[in-house]
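Summary of the model geometry
Chain by chain, the residues run as shown.
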Amino acid sequence: MPRHAETRTLPYSPDQLFDLVADVGRYSEFLPWVSAVRIRSDSETEMVADLVVGFKALREKFTSRVAKQRPHAITVDYVDGPLKYLRNDWRFRPDGKGGTIVDFAVDFAFKNRLFEMLAGQVFDKALRKMTDAFEARAAVLYGPVSGDGISGAGLSGDQPSGGVAAAGTDGISSSSAHSAA
């Protein structure tokens, strides 16, 4: 049962980061291993979505329910697929300097013991790749971070080129735990 909790301070508003995480329909555009998304239903407070996730020859579809509390929180709960359970929490708090403190936590377990063992071996690396992908997507959408740690979004008429920003590395704390089911 891999578990992970992480806190990052990012130079974007809670609304911007909420919008980024809540835009599940675009996950296949920037998240590693997400190859397809189907939104079954969507409202201001809840979404149900199917994601196809794969690595090499392995492909699995799972359904999740996304509870949205704009702009403070997004909670993802597992509905159906190859997992025993999944819980994913995002919390967005203003940092008092124009940025946001993002608290992220994920806890899940596979039904299949082989998948569980494989996930445990690459969990930390895969999770870092995923959180970095969200951060890079924020830089693409809202502007890269300048040397003073401020997002360039809205400061000029230029559109970001899509480069990866080094945002948030000064305010990262994380913890992971792995245990057998």
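If you're wondering where the values come from, they're calculated on a predicted model, not measured in any experiment. (Residues numbered from 1 in each chain as written. Predicted model: local features only at pLDDT ≥ 70, side-chain atom pairs only at ≥ 80, totals over all residues. Heavy atoms only, no water.)

Some details on the side chain of threonine 63
Position of threonine 63 among the secondary structure elements: in strand E4 (residues 58–69). Of note is the side chain of threonine 63, whose polar atom sits 2.5 Å from the side chain of aspartate 50. Ignoring sequence-local partners within four residues, the contact set of threonine 63 consists of Arg40, Val48, Ala49, Asp50, Tyr78, Val79 and Asp80. (Helix = DSSP H or I, 4+ residues; strand = E, 2+ residues; numbered from the N terminus. Polar contact = N/O pair within 3.5 Å; in protein donor to acceptor, adjacent residues only side chain to side chain. Contact = heavy atoms within 4.5 Å.)

Notes on the confidence of the model for the protein chain
Detailed reading of the predicted coordinates is not advisable wherever pLDDT is low. For the protein chain, mean pLDDT is 80; residues scoring 70 or higher make up 74% of the total. Per-element confidence in the protein chain ranges from a low mean pLDDT of 39 for strand E8 (residues 173–177) to a high of 97 for helix H1 (residues 14–22). Low pLDDT, under 50, characterises residues 150–181; the predicted model gives this stretch 70 contacts beyond four residues in sequence or across chains. (pLDDT = per-residue confidence, 0-100.)

Regarding the pairing of strand E2 (residues 34–42)
Bridge analysis of E2 against strand E3 (residues 46–55) gives 7 bridges, and the strand direction is antiparallel. Bridge pairing links arginine 38 to aspartate 50 in E3. Taking the residues that link successive antiparallel strands as the turn, the E2-E3 hairpin has 3 residues. (Pairing = 2+ DSSP bridges.)

Description of the side chain of glutamate 6
Relative to the helices and strands, glutamate 6 is located in strand E1 (residues 3–10). Given the relative accessible area of 7%, glutamate 6 is considered buried. Only 2.8 Å separates the side chain of glutamate 6 from the side chain of histidine 4, close enough to count as a polar contact. A polar side-chain atom of glutamate 6 sits 2.4 Å from a polar atom in the side chain of arginine 8. (Buried < 20%, exposed > 50% of the residue type's maximum accessible area, 1.4 Å probe, protein only.)

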